[in-house]
Amino acid sequence: MKLALHMMKRGEFISEHDELIGKKLANVMSGGSMNHSSYVSEQYLIDLEREAFVSLCGERKTQDRIAAMLKTGKPLRN
C-alpha cells in the first residue's frame, strides 16, 4: 500500500496530504506495527482507527477539507 501511495505521489496523482491519509489507512488495515502475524481483536483495530482519525483531525489540511465539504458538499483537494 505504501509503495502504491509513493508512486501515486511521485506521479502527482495525489497530494502530500492524500499520501498521509493513505499511510494512516494502510496502517489501520494492516493491523498496525506488529512485526509478526497474529490474530488481533476487533477492539484493537477500532483503537487503531480512532488513533488515526484523531491524529488526522489535528491536521490543518484535514480541518480545511471537512469545512469545505460541509460548506460546498464537494471534496477539497489540498
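Since the structure is predicted, the reported quantities are computational estimates derived from the model, not experimental observations. (Residues numbered from 1 in each chain as written. Predicted model: local features only at pLDDT ≥ 70, side-chain atom pairs only at ≥ 80, totals over all residues. Heavy atoms only, no water.)

(A) Examining the pattern of salt bridges more closely. Applying the stated criterion across every chain, the model contains five salt bridges. A salt bridge links Arg77 to Asp18, with the shortest nitrogen-to-oxygen separation between them at 2.6 Å. Here the residue Arg77 occupies a position in the segment after helix H4 (60-72), and Asp18 occupies one in helix H2 (residues 16-29), the gap between them amounting to 59 residues. Between Asp64 and Arg60 there is a salt bridge whose closest N-O contact spans 3.3 Å. Highlighted residues: Asp64 and Arg60, both in helix H4, separated by four residues, approximately one helical turn. Taking relative accessible area as the criterion, Arg60 reaches 57% and is therefore assigned exposed. Counted as one network, the salt bridges with shared partners bring together Asp18, Arg65 and Arg77. (Salt bridge = Lys/Arg side-chain N within 4 Å of Asp/Glu carboxyl O. Helix = DSSP H or I, 4+ residues; strand = E, 2+ residues; numbered from the N terminus. Buried < 20%, exposed > 50% of the residue type's maximum accessible area, 1.4 Å probe, protein only.)

(B) Representation of unusual backbone geometry. Notably, Glu12 is not glycine yet its phi reads approximately 60 degrees, a positive angle. Along the chain, Glu12 turns up in the loop between helix H1 (2-10) and H2.

(C) Examining the environment of Asp47 more closely. Inspection of the secondary structure puts Asp47 in helix H3 (residues 42-57). Here the side chain of Asp47 touches Arg50 through a polar contact of 3.0 Å, side chain to side chain. (Polar contact = N/O pair within 3.5 Å; in protein donor to acceptor, adjacent residues only side chain to side chain.)

(D) Expanded view of the layout of surface pockets. In this model, the largest pocket occupies a volume close to 260 Å³. Ile21, Lys24, Leu25, Val28, Glu49, Ala52, Phe53, Leu56, Cys57, Thr62, Arg65 and Ile66 are the residues that line the largest pocket. Every element with two or more residues in the lining of the largest pocket is listed here: H2, H3 and H4. Counting residues per element, the lining of the largest pocket draws most heavily on H3, at five residues. When the residues that make up the lining of the largest pocket are grouped by side-chain class, the tally is eight nonpolar, one polar and three charged. (1 Å grid on protein atoms, 1.4 Å probe; cavity = no way out; pocket = protein on both sides within 12 Å on 5 of 7 lines; lining within 4 Å. Points joined across faces, edges and corners; volume = space filled by probe spheres on them. Nonpolar A, V, L, I, M, F, W, Y, C, P; charged D, E, K, R; others polar.)

(E) Local environment of the packing of H2 against H3. Two numbers describe how H2 lies on H3: the axes approach to 9 Å, and their chain directions differ by 165 degrees. Considered as vectors, H2 and H3 are oriented roughly antiparallel to each other. The handedness of the crossing between H2 and H3 is right-handed. Contacts between H2 and H3 involve Leu20, Ile21, Lys24, Asn27 and Val28 on the former and, on the latter, Leu45, Leu48, Glu49, Ala52, Ser55 and Leu56. Tallied by class, the residues present in the contact of H2 with H3 amount to seven nonpolar, two polar and two charged. (Axes fitted to C-alpha atoms, helices over the stretch in contact; angles between N-to-C directions. Parallel < 35°, antiparallel > 145°, perpendicular 65-115°, else oblique. Left-handed = near helix turned anticlockwise from the far one by under 90°. Contact = heavy atoms within 4.5 Å.)

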